[in-house]
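Residue-level structure breakdown
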Amino acid sequence: MRWVAAALLSFVATQAPERPWVAEWLKEFAGDSRGAVIARMNKIDSLKVLEVDLDRMSENIPATLALPADQARRLAAAFATEAVFAKFEQSQSAAKLIEWACRQIRRIQQPGPYEEQWHLAAFALLGGTADPNAIDAHIAHMRLQFPNEPRLLLQRGIAEELRASRFAFGKGTVPFDLPRRLEEAAKRFTEAAAVESTRGEALLRLGHVELSRDRPDAALAALNTAEPALGDRDLVYLARLFRGMALERLGRVDEARAAFESALKARPDTQSASIALAAVLFRTTDRDRANTIVNDLLSRERQVNDPWWVYPPGDFRLVEARMTSLRRALK
Amino acid sequence: MKGAAWTVVLLVVAGAIALEAQRPVFRAEAAGISITVSVRSGGKAVAGLTAKDFTITDNGATQKVSSVSVESLPIDLTLLLDLSGSVNGLRLERLKYSVVETAKLLRPVDRVRLIGMQHELRQVFGYQAGGTRPPVEQLTAFGGTSLYDGLAAAMMRAGEPERRQLIVAATDGDDTLSILPETSVKEIAGYADAVVHVIIPVLGGRSAKTISTPAATTLTDVTQRTGGQLFWIDPGAPVSDAFAQALEEFRTSYVLRYMPDGALTPGWHEVNVAVPSGQYDVRARKGYSIRK
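Every value quoted in this text rests on a predicted model; they were computed, and no experiment measured them.

**Re the overall build of chain B**
- Secondary structure assignment for chain B yields six helices and 15 strands.
- Residues counted as buried form 48% of the 292 residues belonging to chain B.
- Relative to all contacts within chain B whose residues are 6 or more apart in sequence, the contacts with residues 24 or more apart total 80%.

**Describing the sheet that holds strand β4 (residues 61-63) of chain B**
Residues and elements named next belong to chain B.
- Read across the sheet, four strands follow the order β4-β3-β13-β15 without closing on themselves; strand pairing throughout is antiparallel. Here the strands that pair on one side only, and so sit at the sheet edges, are β4 and β15 (287-290). Between one strand and the next, the sheet's axes are offset by a mean angle of 30°, whatever the strand orientation.
- With four bridges joining them, strand β3 (residues 55-58) and strand β13 (residues 267-274) adopt antiparallel strand pairing. Bridge pairing in β13 links Ile56 to Val273.

**A word on the interface of chain A and chain B**
- On the chain B side, the residues contacting the 27 residues of chain A number 25 residues.
- At the level of elements, α11 (166-169), α17 (271-283) and α18 (287-298) of chain A are the ones that each hand at least two residues to the side of chain A that touches chain B.
- The biggest single contributor to the side of chain A that touches chain B is α17 of chain A, with eight residues.
- Residues belonging to the side of chain A that touches chain B are distributed by class as follows: 13 nonpolar, 10 polar and four charged.

**A look at the pairing of strand β1 (residues 33-41) of chain B**
All names here are of chain B.
- Of all nine residues making up β1, seven are buried, and the element is well covered by its neighbours.
- Pairing geometry for β1 and strand β12 (residues 254-258), over five bridges, is antiparallel. Residue pairing across strands places Ile35 opposite Leu256, the latter belonging to β12.
- Pairing geometry for β1 and strand β2 (residues 44-45), over two bridges, is antiparallel.

**Considering the domain arrangement of chain A**
Residues and elements named next belong to chain A.
- You can read the domains of chain A as domain 1 (1-110) and domain 2 (111-170 + 315-331).
- Of all the secondary structure elements, the ones that give two or more residues to the side of domain 1 that touches domain 2 are α6 (69-86) and α7 (91-106).
- No other element matches the seven residues that α7 contributes to the side of domain 1 that touches domain 2.
- Looking at the side of domain 1 that touches domain 2 residue by residue, the classes come out as 11 nonpolar, three polar and two charged.

**Some remarks on helix α4 (residues 182-191) of chain B**
- The buried count for α4 of chain B comes to seven of 10 residues, which makes it a mostly enclosed element.
- Of the positions making up α4 of chain B, those classed as buried are Ser184, Val185, Glu187, Ile188, Ala189, Gly190 and Tyr191 of chain B.
- On its buried face, α4 of chain B is in contact with α17 of chain A together with α3 (147-156), β10 (195-201), α5 (214-226), β13 and β15 of chain B.

**Details of the environment of Pro260 of chain B**
Residues and elements named next belong to chain B.
- Mapped onto the fold, Pro260 is located in the loop between β12 and β13.
- Pro260 sits in the partly exposed class, given 19 other C-beta atoms within 10 Å.
- Each C-alpha atom, one on Pro260 and one on Ala61, is 8.7 Å from the other, the two residues being 199 residues apart in sequence.
- In contact with Pro260, other than residues within four places in its own chain, are Ile33, Asp58 and Gln63.

**Quick word on the pairing of strand β9 (residues 164-170) of chain B**
All names here are of chain B.
- The element β9 is extensively covered by neighbouring structure, given that seven of its seven residues are classed as buried.
- Burial of the side chains of β9 extends over both faces: Arg164, Leu166, Val168 and Ala170 are buried on one face and Gln165, Ile167 and Ala169 on the other.
- The pairing of strand β6 (residues 75-82) with β9 spans seven bridges and is parallel. Paired with Leu79 across the bridge in β9 is Val168.

**Details of the nonpolar core**
- Within the largest apolar cluster, 163 residues are counted, with the highest numbers of intra-cluster contacts made by Ala80, Leu125 and Ala276 of chain A together with Ala152 and Met155 of chain B.
- Here Met155 of chain B is in contact with Ile167, Ile188, Ala189, Ala192, Ala194 and Val196 of chain B, once residues within four sequence places are set aside.

**Regarding unusual backbone geometry**
- The backbone of Ala130 of chain A sits at a positive phi, close to 55°, despite the residue not being glycine.
- For Ala130 of chain A, the position within the fold is in the loop between α8 (113-129) and α9 (132-145).
- Assessed through the 22 C-beta atoms surrounding it within 10 Å, Ala130 of chain A is described here as buried.
- A positive phi is found at Asn59 of chain B, a non-glycine position, where the angle reads about 50°.
- By secondary structure assignment, the location of Asn59 of chain B is in the loop between β3 and β4.

**Let's talk about the packing of helix α10 (residues 151-163) of chain A against helix α13 (residues 199-212) of chain A**
All names here are of chain A.
- Two elements in contact, α10 and α13, have axes whose closest approach is 11 Å; the angle formed by their N-to-C orientations is 20°. As summarised for this structure, α10 and α13 are arranged roughly parallel, according to the angle between their axes. The crossing of α10 and α13 is left-handed. Seen from α10, the contacting residues are Leu154, Gly157 and Glu161; seen from α13, they are Glu201, Ala202, Arg205 and Val209.
- Of the residues belonging to the contact of α10 with α13, the class tally is three nonpolar, one polar and three charged.

Conventions and cut-offs
- Residues numbered from 1 in each chain as written.
- Chains lettered and ligands numbered in written order.
- Predicted model: local features only at pLDDT ≥ 70, side-chain atom pairs only at ≥ 80, totals over all residues.
- Helix = DSSP H or I, 4+ residues; strand = E, 2+ residues; numbered from the N terminus.
- Buried ≥ 20, exposed ≤ 12 C-beta atoms within 10 Å, placed from the backbone.
- Contact = placed C-beta atoms within 7 Å.
- Pairing = 2+ DSSP bridges.
- Axes fitted to C-alpha atoms, helices over the stretch in contact; angles between N-to-C directions.
- Nonpolar A, V, L, I, M, F, W, Y, C, P; charged D, E, K, R; others polar.
- Domains from an automatic or database assignment.
- Core = buried A, V, L, I, M, F, W, Y, C linked by C-beta atoms within 7 Å.
- Parallel < 35°, antiparallel > 145°, perpendicular 65-115°, else oblique.
- Left-handed = near helix turned anticlockwise from the far one by under 90°.

Below, the structure is given as structure tokens:
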């Protein structure tokens, strides 16, 4: 029976797409109209449609585009990636489309800078799907082509921390093995902290994991060494924010307040540090100032972008930059 | 509460109203402690109780109730709505309707404001007089939920003197993006002036009271600390009914006032209020915190 199933799958995979526009858009994308197709991606109602039709075309990509195989696969992967970038909130299909694109990329015999950029962009997009299993799977896939990529260690920790995060497990329950997951995430970030290029971010994330494990001493130790290794203003903000939380739990209230204030110097008016600062003031010394902070915060028409909102999904915070690099690398 | 005809009897101890008018409903001050107490029997408010009907202990020590009143002070109602992506569609329309219906229940001297909870927190509209139509048309639902941060923000806002503070939150109970841990929100509840109720839609409604997710446990603790409660409602039931119940219960609650024996020592003070004369459902804040 297995050969019947295989034959059927092969038949389905080589079928033309049900929606002719998918092939037409792909051809346009591969031709001179890449920008126009990208601009149109927002009009795709369902990534599922693209997922199904691209899957049908998988074996025919080079023929469809009339291009050498590697070039055709790069373009097809870029096409699918742009669709996910436009519609990443359709998380299940987004993760599947990334995996489809990854299969194209993995078939390239001599992966180079473009493939490396593509994998990194994929991590950013998979963060947006909040699917730790998809991130883990992608770690294995990138390792096949780029075994020495330093961010792979960090990604392992991000996936594990995401599993332990309210952001991912959402409705109602807490995973029964939460302590084990947090311990595993701490191990992975400790390993990633040994790599110079990811040291700062790994220590920052280790600090947050230790806070989740209710180990504020360990969190503080990690966070105290994180900031000097961080160049990104958003990460500096988070390091100061988490440091304030650790200090507060250690009962060092004045230092906690100073840490939250210093976070707000890095990113003025940001919601998470404002709330954390108000909370420590309200419970300790200065109820009136807490009231002023909260009133100011709530009266804003829109809050400034808060690095905390994009902390749980890992590299998602880098998605714009990664997509820009990817587009540049494709030229 | 559906169809409940709650009897309101104003029990005014002469002078107590004037005294109460000078401070919020709950605040631990040198002047003494005020505690909002709901007394119900069979779902209906129990009226006509006097100081001698209540017993109250503060950290285990029996206290003398100096006055009891059913407050006629204006109410400031803060509605705190989960406007994350999970409520988009029909649930959002129901919420809009419920806000409008709730505003109708307020007296002109009362006020209502609305805070939206998504990943970001925002006051959708500031205080407006009861009985007027609130601007709910622009409400949209998207993004994550900073539930604990929203509750904390609402509780940290200072109330105005001569007005009673009530916060009613409607949420699916899931917090995805708060920065504050549960312990902080519980602690803030201990210092808050307002009574806080939280409404959560769940299949089975009231019969699902046994649900004990960590979020439900936290929310139960937060509400109980302020003298409020968690309302489980059926997802198909009008949220406005729960809003109305919370409001009516607040209006018909007693305000007990006492001066603790000895100094107000810093830390958590556990308070127990009872009405020994009957089999009543008595609900009051579980205690209060005094800053060090």
